[in-house]
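# Coordinates in review
One letter stands for each residue in the lines below.
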Amino acid sequence: MKSNKIIVAVFLSISFSIQGQAQSMVGATHSGQSTGQTPFPVDTYAELPNPATTDPGLWKNVKGTSVSWGSTDIRYKKEEPAPVGRISKEIELTAWKGERVATQWVVWSDQPLHSLSFSVTELVHKNKKSKIGQDRLLSGFVRYVMTDELNKDGMGGCGSRPDAAAFDSSLVADPIDHLTKVLSLPERTTQGGWVRVWVPQDSPAGIYEGKVVLKDGDKTLGELILKINVKDRILPMPSEWTYHLDLWQNPFAIARYHQVEPWSKAHFDCMRPYMEMYRQAGGKVITASIMHKPWNGQTYDYFETMITWMKKADGSWSFDYTVFDRWIEFMMSVGVTQEINCYSMVPWRLSFQYFDQATNSLKFIEMKPGDLEYEDIWGTMLRSFAAHLKEKGWFDITHISMDERPMAVMQETLKVIHKADPGFKVSLAGALHEELSDELDDYCVALRMKYSEEMKAKRRAEGKVTTFYTSCEEPRPNTFTFNPPAECEWFSWYAAKENLDGYSRWALNSWVIEPLLDSRFYTWPGGDTYFIYPGARTSMRFERLIAGIQAFEKIRILREEFNLSGNQQAKAKIDKALSLFDENTLETVPASVVISKANKIINSY
């Protein structure tokens, strides 16, 4: 048996290596060629050339260099002066203890800046005794990445995009680059920078003050005052948040980009900082692929199986869980421990790969739910899997997971699952079918679909997870690199309004070829497949997503307090603020507007 495991492991390793080499060759001739840099940069990189031309007329009134606080709602255009109506040298943010708050500065100049840098001081309480130190600050340049647009009808972004030239392409601000310390800017250029403050939970309430200093070489360009008004309220640590955040992780993308052997020590070392970001955002779910290409390779780095399926020479089946175990144990060591979602018994292409011992080769079998062969093979696998999960102590948190599958198919699949082990939990991200609700421990439907109030209440009473997702179908709100970043925060306010448990997206880190340079993909709109960037760089979108989750938790805490105190007036005020979160009005009332109004109300308590 041991020798068979070795054969399978070697075969799959060779298969993955060939795939990776082919993708590397494509990557090496893709976006990086425009900048003359080696493929897959991590520590430093050069952005792609800006396809937008600079209009000298827009710069005619700019004399010298201007520095100002800007807005986290704006992706400042590289080729235009910042649309700052009035220079702002001081800003004050409001935060609870334990909350992360952020701001963006912006500099623009008609002269070249050869060595632009900035520094952020620690923030000191007015009592001069308490501080928010450097270890609680994240700062970086807001860099530019290539993006595209929605489909020409403006109604969504689904569909093949083999010809990038058929879509408008532009550089947009999104990656937050904490690794690059100095930038060189040509004349008539605008550049933003991000400052995030994570207030310690034990900070005394009051005003904290620090400053941001911008320089070009040794020359000081300007100083900006940053104040944080820390309220006497505490936001729990992310591990204690109730919000159910499920961003699918792609370990295969990290292996390819970092050019490391899958599941090697180097691979796990590379993955840790990315998965720490997910944990610190409140990530609750581990994504596990239990068969080959569950989504038919719809991401650039497709998901390989974490379980080796082998049909032995005598016709019986065996399953090797080595990789699956290492992945789950690793994610739990990071701190993601609440749920394991295993994809998929019903892949997008009903073809299942296995290693055939008799011929010493990989083979495929075509079968579907309802077939006797499907029930026999999957029943055998699930019984083995259940026994293994119980031995590891993971059975109670593991879900057999499907996405976007028709109800009739789900019903046939559920029969197989329950026959194999009635205790298995099941999750579905897909269409809304109230008939399936009792069978699903974790149910996630598209934003445009609406659970009934009765269904939500029943599921909540039964301790089941009820969430929503967005995909390429929604023009807004969405997470594309060309969408307003505030839309990523909007999701969690909406969840609070609808009494949902959270949000799911397939897109933690399913990177395109060169994600730092070009977010476009030949199937989906720019940025659709990832929130975070190589080098464990965060993004405007990811930061705003976290801001929304924090708002959700603050609302939960306030509602509980007002329920206990009977403060109906305060509850009504919060409900009125949440009523503004209607996706049908986003085209005329931007997400940033309703979030600003709602935040003022929440922060007034």
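Refer to the structure above for everything that follows.
Residues numbered from 1 in each chain as written. Predicted model: local features only at pLDDT ≥ 70, side-chain atom pairs only at ≥ 80, totals over all residues. Heavy atoms only, no water.

## Focus on the state of the cysteines
Taken as a whole and assessed by the stated rule, the structure comprises one disulfide. The disulfide partner of Cys158 is Cys472, and the S-S distance across this bridge is 1.9 Å. Measuring the twist about the S-S bond at about 90°, one finds the Cys158-Cys472 disulfide to be right-handed. Of this pair, Cys158 sits in the loop between strand 7 (137-147) and strand 8 (170-177) while Cys472 sits in the loop between strand 23 (465-469) and helix 8 (486-498), and the two are 314 residues apart along the sequence. Take Cys472: its relative accessible area is 8%, and that puts it in the buried class. Cysteine Cys488 remains unbridged, with the sulfur of Cys444 as its closest cysteine sulfur at 16 Å. Overall, the relative accessible area of 1% leaves Cys488 in the buried class. (Disulfide = S-S within 2.5 Å. Helix = DSSP H or I, 4+ residues; strand = E, 2+ residues; numbered from the N terminus. Buried < 20%, exposed > 50% of the residue type's maximum accessible area, 1.4 Å probe, protein only.)

## A few points about the pattern of salt bridges
Inspection of every chain in the model, using the stated rule, returns 45 salt bridges. Of the charged contacts in the structure, one is a salt bridge between Asp438 and Lys458, with a shortest N-O distance of 2.7 Å. With Asp438 in the loop between strand 21 (425-430) and strand 22 (442-446) and Lys458 in helix 7 (residues 453-461), this pair connects stretches of sequence that are 20 residues apart. Residue class for Asp438 comes out exposed when judged on its relative accessible area of 52%. On the basis of relative accessibility, which here comes to 39%, the residue Lys458 falls in the partly exposed class. Taken together, the shared-partner salt bridges in this structure form one network comprising Glu47, Lys78, Arg143, Asp177 and Arg537. (Salt bridge = Lys/Arg side-chain N within 4 Å of Asp/Glu carboxyl O.)

## As for empty space enclosed by the protein
Under the counting rule described, the total for this entry stands at five cavities of 30 Å³ or more. A volume near 60 Å³ is recorded for the largest cavity. Surrounding the largest cavity, His244, Asp246, Trp248, Asn341, Tyr343, Ser427, Leu428, Ala429, Asp442, Cys444, Thr467 and Ser504 form its lining. With three residues, strand 21 is the largest single contributor of residues to the lining of the largest cavity. Partitioned by chemical class, the residues of the lining of the largest cavity number five nonpolar, five polar and two charged. (1 Å grid on protein atoms, 1.4 Å probe; cavity = no way out; pocket = protein on both sides within 12 Å on 5 of 7 lines; lining within 4 Å. Points joined across faces, edges and corners; volume = space filled by probe spheres on them. Nonpolar A, V, L, I, M, F, W, Y, C, P; charged D, E, K, R; others polar.)

## Points about the environment of Ser139
As for its placement among the helices and strands, Ser139 is situated in strand 7. Note on Ser139: relative accessible area 27%, which makes it partly exposed. Once the C-alpha coordinates of Ser139 and Val195 are considered, the two residues, 56 residues apart in sequence, prove to be 4.5 Å apart. The residues contacting Ser139, other than those within four sequence positions of it, are Phe118, Val120, His178, Trp194 and Val195. (Contact = heavy atoms within 4.5 Å.)

## Description of the side chain of Glu474
Along the chain, Glu474 turns up in the loop between strand 23 and helix 8. Apart from the residues within four sequence positions on either side, Glu474 is in contact with Ala446, Leu447, Arg448 and Phe480.

## Brief notes about the sheet that holds strand 3 (residues 100-109)
The six strands are arranged 1-3-10-7-8-25 in an open sheet whose pairing can be described as antiparallel. Looking at which strands have only one partner, the edges of the open sheet turn out to be strand 1 (65-69) and strand 25 (538-539). Judged from the six bridges that link them, strand 7 and strand 8 form a sheet pairing that is antiparallel. By the bridge assignment, Met146 is partnered in strand 8 with Leu171. (Pairing = 2+ DSSP bridges.)

## Some thoughts on the packing of aromatic side chains
Tallying each qualifying case throughout the model produces 44 aromatic pairs. Between Tyr274 and Trp511, the aromatic rings sit 5.3 Å apart at their centres with planes inclined by 70°, giving edge-to-face as the arrangement. Taken together, the residues span a long stretch of sequence, with Tyr274 in helix 3 (residues 265-280) and Trp511 in the loop between strand 24 (502-505) and strand 25 at a distance of 237 residues. Tyr274 gets classed as buried once you look at its relative accessible area, which sits at 2%. Residue Trp511 is classed as buried on the basis of its relative accessible area, which comes to 0%. Ring geometry for Trp309 and Phe319: centres 5.3 Å apart, planes at 85°, overall edge-to-face. Residue Trp309 is located in strand 15 (residues 308-311), and its partner Phe319 is located in strand 16 (residues 317-320); the two are separated by ten residues in the primary sequence. Phe319 carries the same exposure label as Trp309, and that label is buried. Cluster of aromatic residues (ring-pair linked, three or more members): Trp248, Phe252, Trp263, Phe268, Trp295, Phe303, Trp327, Phe330 and Tyr343. Here the guanidinium or amino end of Lys293 rests over the ring plane of Tyr302, the centre of that ring lying 4.7 Å away. (Phe/Tyr/Trp six-rings, centres within 6.5 Å; stacked < 30°, edge-to-face > 60°. Lys NZ or Arg CZ within 6 Å of the ring centre and 35° of its normal.)

## So, the sheet that holds strand 24
Read from one edge of the open sheet, eight strands run 13-24-23-22-21-20-17-14, paired in parallel fashion. The open sheet has two edge strands with one neighbour each: strand 13 (244-247) and strand 14 (285-289). Neighbour-to-neighbour, the strand axes of the sheet open up by a mean angle of 25°, direction not taken into account. Taken together, the four bridges between strand 21 and strand 22 define a ladder with parallel strand orientation. Following the sheet pairing, Leu428 is matched in strand 22 by Tyr443. Running at roughly 165° to strand 14, helix 4 (residues 322-334) makes contact with strand 14 and strand 17 (339-343) of the sheet. (Axes fitted to C-alpha atoms, helices over the stretch in contact; angles between N-to-C directions.)

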